[in-house]
Amino acid sequence: MAPDTAPPTSGQSPEQQPGLQAGLKNRHLSMIAIGGVIGAGLFVGSASGIAAAGPGILLSYALVGALVVFVMRMLGEMAAANPSSGSFSAYADRALGRWAGFSIGWLYWFFWVVVLAVEATAGAVILEGWVPSVPQWAWALIVMVVLTATNLVSVGSFGEFEFWFAGIKVVAIAGFIVLGGLAIFGVLPGSDHAATGFGNLTEHGGFLPHGPGAILTGILLVVFSFMGSEIVTLAAGESSDAQRAVAKATRSVIWRVGVFYVGSILVVVALLPWNDPAIEKKGSYVAALDSIGIPHAGEIMNFIVLTAVLSCLNSGLYTASRMAFSLGQRGDAPRSFARTNKRGVPQAAILVSVAFGFVAVAFNYLWPDTVFQFLLNSSGAVALFVWLVICFTQLKMRGIILRESPEKLVVKMWLFPYLTWATIAMIVFVLLYMLTDAKEGGGRSQVLLSLLVAAVVIVISLLRERSRRKDTEDVVAQR
């Protein structure tokens, strides 16, 4: 067991963090960085975006991609200077105040334990389709238990699983882009798909068939599929060469977003008319593969989606547990969360995180339209809150880094502080635009319920801070 020490200063290097071991190799971090931006949402959620915005969905993906690039650049600047398992929560703790680190850390943890339930259910649906003799709830239980065991063994086993999960996603997307590109120009061997060039981008009602406003609608539909790109900065806390890994990951985020998101969606809308019924019926990628004569496209895509789901589950459990570990280190969670076993694994933090994940899975089966829908909506805007906190934290942390250790500023946000403020304005605009989406389970309910949960967490953090201050004053008075 690691010693039960006082909470360390936020932003310590791996060597200073008691208990955690540098068990992630450079290849693990590289693939986590690449695969982190490819969520299951890209494979299963893009069809609704294409239906809403037509080929203009490319602009939606490009705008959100730019937002993610800017946020990752800011986070990379802080993480390269101070690798920490608490990442942006630890930096917010130092730059904005303890209330900020406490609040965003617990909100992020809450977001990921809800994601565990969503992904476990999605994976169970696919597996039940393959083996219907095993009920869906049993498959959800099986995948949760297996990946919990993986995370409990060692951080290296998590990294190895994620390396292969992410590798499959990357190869699948790359292969899709190559095959689709050849088919677009009519040079794919054995395919009878007529060469379309990029004609489908402007035909069938034009590039923006529903008008420019549809770009904003598309943004709401695709923004949450980008969540997860920040995981590499948490994982860097358990790497032997964290600074190099973070710098490399943040510098490569532009091409990763450009190729995997914009590139693959470009192939879909170039291969097929945006209003082809097959896109919504089968899913955008399956419809595209079917159109060029790839046999068993549905089964292939189900396997890839299952891999993406398992990757998200694996990363989500890791991320939630490491955030809980960091909160425990700083005294903002039970101290047992900051203890590790002899393999350097925060066992209590993992078990508590997965326990809440199991509870959320149960809610999904017992009360899917009430309790679980509330959980989904109340965590729906947390991703944007996290990005907003990263922006405000970076505004303050730049000065702290320059004052204390300017040599560690190896990754710099471009056009500081102007581009940081522009990114803040973009995020606030998206949140405000979400309030215009009044349909059931839409953007308005997500923002309002997420704000409600955030307000509760912030009040708890302020009350804790007040109580802590009063205890300190009482101790001083007694002296």
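Nothing here was measured: the structure is a model prediction, and the numbers come from that model.

### Concerning the overall build of the protein
Step number 1: Within the protein one finds 18 helices and zero strands.
Step number 2: Against the compact-globule benchmark of 23 Å for 479 residues, the protein has a radius of gyration of 22 Å, which places it among compact chains.
Step number 3: Along the three orthogonal principal directions, the C-alpha set of the protein runs to about 85 × 55 × 45 Å.
Step number 4: Split into buried and exposed, the 479 residues of the protein put 57% on the buried side.
Step number 5: Contacts in the protein between residues far apart in sequence, at least 24 positions, make up 81% of those at least 6 positions apart.
Step number 6: For the protein, the accessible surface area stands at approximately 18900 Å², while carbon and sulfur atoms represent 67% of it.
Step number 7: The centroid of the 31 positive side-chain charges in the protein is displaced by 10 Å from the centroid of its 27 negative side-chain charges.

### What to know about a nonpolar patch on the surface
Step number 1: Together, Trp137, Leu141, Val145, Tyr365, Leu366, Trp367 and Val371 give the surface a local cluster of nonpolar side chains, amounting to about 680 Å² of exposed area.
Step number 2: Its location among the elements puts tryptophan 137 in helix H6 (residues 136–153).

### Re the pattern of salt bridges
Step number 1: In the structure shown here, the tally under the stated rule is seven salt bridges.
Step number 2: Notably, a salt bridge pairs arginine 94 with glutamate 404, separated by 2.5 Å at the nearest N-O pair. In this pair, arginine 94 sits in helix H4 (residues 87–95) while glutamate 404 sits in helix H16 (residues 382–404), placing the two residues 310 residues apart along the sequence.
Step number 3: Note that aspartate 332 is salt-bridged to arginine 98, the shortest N-O span being 3.2 Å. One end of the pair, aspartate 332, is in the loop between helix H13 (297–329) and helix H14 (347–366); the other, arginine 98, is in helix H5 (residues 98–130), with 234 residues separating them in the sequence.
Step number 4: Within the structure, one salt-bridge network assembled from shared partners comprises Arg98, Asp332 and Arg464.

### Some words on the side chain of arginine 398
Step number 1: Relative to the elements of secondary structure, arginine 398 occurs in helix H16.
Step number 2: Overall, arginine 398 belongs to the buried group, its relative accessible area being 10%.
Step number 3: When neighbours within four sequence positions are excluded, arginine 398 is seen to be in contact with Glu77, Leu409, Lys412, Met413 and Phe416.

### Description of the environment of glycine 56
Step number 1: Position of glycine 56 relative to the elements: it lies in the loop between helix H2 (40–53) and helix H3 (57–81).
Step number 2: Given a relative accessible area of 0%, glycine 56 falls into the buried group.
Step number 3: Residues glycine 56 and glycine 218, spaced 162 residues apart in sequence, show a C-alpha to C-alpha distance of 8.3 Å.
Step number 4: Setting aside anything within four residues of it in sequence, one finds glycine 56 in contact with Phe207, Leu208 and Ile215.

### What to know about the packing of H3 against H16
Step number 1: Interhelical geometry of H3 versus H16 gives an angle of 40 degrees and a closest axis separation of 9 Å. With respect to their mutual orientation, H3 and H16 come out oblique. At the point where H3 passes H16, the crossing takes the left-handed sense. In this structure, H3 contributes Leu67, Val68, Val71, Met74, Leu75, Glu77, Met78 and Ala81 to the contact, and H16 contributes Trp387, Ile390, Cys391, Thr393, Gln394, Met397, Arg398 and Ile401.
Step number 2: Of the residues assigned to the contact of H3 with H16, the class counts are twelve nonpolar, two polar and two charged.

### Concerning the environment of isoleucine 350
Step number 1: The residue isoleucine 350 is located in helix H14 in this model.
Step number 2: A relative accessible area of 0% means that isoleucine 350 is categorised as buried.
Step number 3: Linking isoleucine 350 and proline 334, residues 16 residues apart in sequence, is a C-alpha distance of 13 Å.
Step number 4: Excluding anything up to four places from it in sequence, isoleucine 350 contacts Thr148, Asn151, Leu152, Leu317, Ser321, Arg322 and Val345.

### Re the packing of helix H8 (residues 213–222) against helix H17 (residues 418–434)
Step number 1: In contact at an axis separation of 10 Å, H8 and H17 are set at 95 degrees when each is read in the N-to-C sense. The orientation of H8 relative to H17 falls into the category roughly perpendicular. Residue-level inspection shows Gly213, Leu216, Thr217, Ile219 and Leu220 of H8 in contact with H17, the latter providing Phe429, Val430, Tyr433 and Met434.
Step number 2: Here the residues of the contact of H8 with H17 are counted per class, giving seven nonpolar, two polar and no charged.

### So, the packing of aromatic side chains
Step number 1: Tallied over the entire structure, the rule returns 18 aromatic pairs.
Step number 2: An angle of 55 degrees between the planes, with centres 4.8 Å apart, marks the rings of phenylalanine 176 and tyrosine 285 as tilted. Here phenylalanine 176 is found in helix H7 (residues 155–184), whereas its partner tyrosine 285 is found in helix H12 (residues 284–291), with 109 residues between them in sequence.
Step number 3: Residue classification places phenylalanine 176 among the buried positions, given a relative accessible area of 6%.
Step number 4: Geometrically, the ring pair formed by phenylalanine 392 and tryptophan 421 is edge-to-face, given 5.9 Å between the ring centres and 85 degrees between the ring planes. Placement of the pair is phenylalanine 392 in helix H16 and tryptophan 421 in helix H17, with a sequence separation of 29 residues.
Step number 5: Classification of phenylalanine 392 as partly exposed rests on a relative accessible area of 32%.
Step number 6: Tryptophan 421 sits in the partly exposed class, given a relative accessible area of 47%.
Step number 7: One cation-aromatic arrangement involves arginine 398 over phenylalanine 416; the distance from NZ or CZ to the ring centre is 4.3 Å.

### Some details on the side chain of serine 461
Step number 1: For serine 461, the position within the fold is in helix H18 (residues 443–478).
Step number 2: A residue is classified by how much of its surface remains accessible, and serine 461, at 3% relative accessible area, is buried.
Step number 3: For serine 461, the side chain forms a polar contact with the side chain of serine 103, separated by 3.4 Å.
Step number 4: Not counting the four nearest positions on each side in its chain, serine 461 is found in contact with Trp99, Phe102 and Ser103.

### Thoughts on the confidence of the model for the protein
Step number 1: Of the residues in the protein, 94% have a pLDDT of 70 or more, and the chain-wide mean is 85.
Step number 2: Throughout residues 1–17 the model reports pLDDT below 50, and contacts reaching past four residues in sequence, or to other chains, amount to 40 contacts.

### Things to note about unusual backbone geometry
Step number 1: Of note, the amide linkage connecting phenylalanine 416 to proline 417 takes the cis form, showing an omega dihedral of 0 degrees.
Step number 2: Relative to the helices and strands, proline 417 is located in the loop between H16 and H17.
Step number 3: Of note in this structure, histidine 204 is not a glycine but carries a positive phi near 60 degrees.
Step number 4: The topology assignment puts histidine 204 in the loop between H7 and H8.

### Considerations on H7
Step number 1: For H7, with 30 residues, the first-to-last C-alpha span of 43 Å sits near the 44 Å given by 1.5 Å per residue.
Step number 2: With its phi angle positive at about 70 degrees, glycine 186 sits one or two positions after the end of H7.

Cut-offs applied
- Residues numbered from 1 in each chain as written.
- Predicted model: local features only at pLDDT ≥ 70, side-chain atom pairs only at ≥ 80, totals over all residues.
- Heavy atoms only, no water.
- Helix = DSSP H or I, 4+ residues; strand = E, 2+ residues; numbered from the N terminus.
- Rg over C-alpha atoms; globule rule 2.2 N^0.38 Å.
- Buried < 20%, exposed > 50% of the residue type's maximum accessible area, 1.4 Å probe, protein only.
- Contact = heavy atoms within 4.5 Å.
- Areas by Shrake-Rupley, 256 points an atom, 1.4 Å probe, with all protein chains shown as cover.
- Lys, Arg positive; Asp, Glu negative; His and termini not counted.
- Charge placed at Lys NZ, Arg CZ, Asp CG, Glu CD.
- Patch = residues over 30% accessible without salt bridge, like charges linked within 9 Å, V, L, I, M, F, W, Y side chains within 5 Å.
- Salt bridge = Lys/Arg side-chain N within 4 Å of Asp/Glu carboxyl O.
- Axes fitted to C-alpha atoms, helices over the stretch in contact; angles between N-to-C directions.
- Parallel < 35°, antiparallel > 145°, perpendicular 65-115°, else oblique.
- Left-handed = near helix turned anticlockwise from the far one by under 90°.
- Nonpolar A, V, L, I, M, F, W, Y, C, P; charged D, E, K, R; others polar.
- Phe/Tyr/Trp six-rings, centres within 6.5 Å; stacked < 30°, edge-to-face > 60°.
- Lys NZ or Arg CZ within 6 Å of the ring centre and 35° of its normal.
- Polar contact = N/O pair within 3.5 Å; in protein donor to acceptor, adjacent residues only side chain to side chain.
- pLDDT = per-residue confidence, 0-100.
- Expected span 1.5 Å × (residues − 1).

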